[in-house]
Amino acid sequence: MQLLPTTSGPKAGPRDAWPRGAKHGAGGGLPGSAGVPVHQQCPAAPPLRAGGADSGCGVWAGGTARGRKRREDFLEEETFVLEQLCLEFVVKVLDVELVCEALQVAVTFGLGPLQERCIAFIEAHSQEALRTRGFLELSAPALLPLLRSDKLCVDEAELVLAARSWARVGAAVLERPVAEVAAPVVRELRLALLAPAELSALEEQNQQEPLIPVEQIVEAWKCHALRRGDAARGAPCRRRRGTLPREHHCFLDLPFK
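Observations regarding a negative patch on the surface
- A cluster of like negative charges, contributed by Glu-72, Glu-76, Glu-77 and Glu-78, occupies part of the molecular surface.
- By the element assignment, Glu-78 lies in helix α2 (residues 65–93).

Set out below in structure tokens:
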């Protein structure tokens, strides 16, 4: 059997299959990369820092001050929009039974616009709101702005009764004396608006169940005795929107605002 002659030299490899002229560039590089050295043809990409501005995380990038600022601005904007939506919803469904509970939420979480809406609603529906369970469960900080309002559509005698009922409930829950529970708010009751007979009855009841400091009642009596509104400096004399007229109001010299 005759053997075929073999070709001397190295075996052809895959690179020998490239077309002539594309096998080696002028710089010895890959096909199509003429004049570019091999080590520059495919430069390695720089490593990405976790959470960096170029990490592809968009607004949530938190590795840089700029990323954190964008995230904070985004969250602040979204929170504001959510608060506005909640406010609009609550205002739409406000009623006499719900308003005091909504007021308590507004005071607890510092929601100023909601607090203003609730107070305005209670001012317009004072008598009904004062008879609800929600009113009896208000905290002292939530009750204070109500008692300071000139626009409550309720007489002072009825407001004193409501404050006493509120203090009784708080005393039972907290297991503290009625007067101690009422102390943060009773100064806002305008006792000088009561007629002498009403003030006498209040003083007698106060002896049986202390609610109002004796000094506050004395200041109201001083206003009656001197027939001057400025005599009761510690007891507000301004009439509220719902204050019923009484004979002595003519000398208080402090008209309703």
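We are not done yet, so read on.
A short note on the pattern of salt bridges
- Evaluated as defined, the whole model comprises twelve salt bridges.
- Between Glu-209 and Arg-164 there is a salt bridge, and its shortest N-O distance comes to 2.9 Å. Separated by 45 residues along the polypeptide, Glu-209 in the loop between α10 (196–208) and α11 (214–226) and Arg-164 in helix α8 (residues 156–174) bring together distant segments of the chain. Like Glu-209, the residue Arg-164 is buried in the burial classification.
- Arg-187 serves as the salt-bridge partner of Glu-219, at 3.3 Å between the closest nitrogen and oxygen. Note that Glu-219 is positioned in helix α11 and Arg-187 in the loop between α9 (178–182) and α10, a separation of 32 residues in sequence.

A short note on the side chain of His-248
- Positionally, His-248 belongs in the segment after α11.
- Given the relative accessible area of 7%, His-248 is considered buried.
- A distance of 2.8 Å separates a polar atom in the side chain of His-248 from the backbone oxygen of Ala-192.
- When sequence neighbours within four positions are dropped, the list of residues in contact with His-248 reads Ala-192, Leu-193, Leu-194, Ala-195 and His-224.

Conventions and cut-offs
Residues numbered from 1 in each chain as written. Predicted model: local features only at pLDDT ≥ 70, side-chain atom pairs only at ≥ 80, totals over all residues. Heavy atoms only, no water. Patch = residues over 30% accessible without salt bridge, like charges linked within 9 Å, V, L, I, M, F, W, Y side chains within 5 Å. Areas by Shrake-Rupley, 256 points an atom, 1.4 Å probe, with all protein chains shown as cover. Salt bridge = Lys/Arg side-chain N within 4 Å of Asp/Glu carboxyl O. Lys, Arg positive; Asp, Glu negative; His and termini not counted. Charge placed at Lys NZ, Arg CZ, Asp CG, Glu CD. Helix = DSSP H or I, 4+ residues; strand = E, 2+ residues; numbered from the N terminus. Buried < 20%, exposed > 50% of the residue type's maximum accessible area, 1.4 Å probe, protein only. Polar contact = N/O pair within 3.5 Å; in protein donor to acceptor, adjacent residues only side chain to side chain. Contact = heavy atoms within 4.5 Å.

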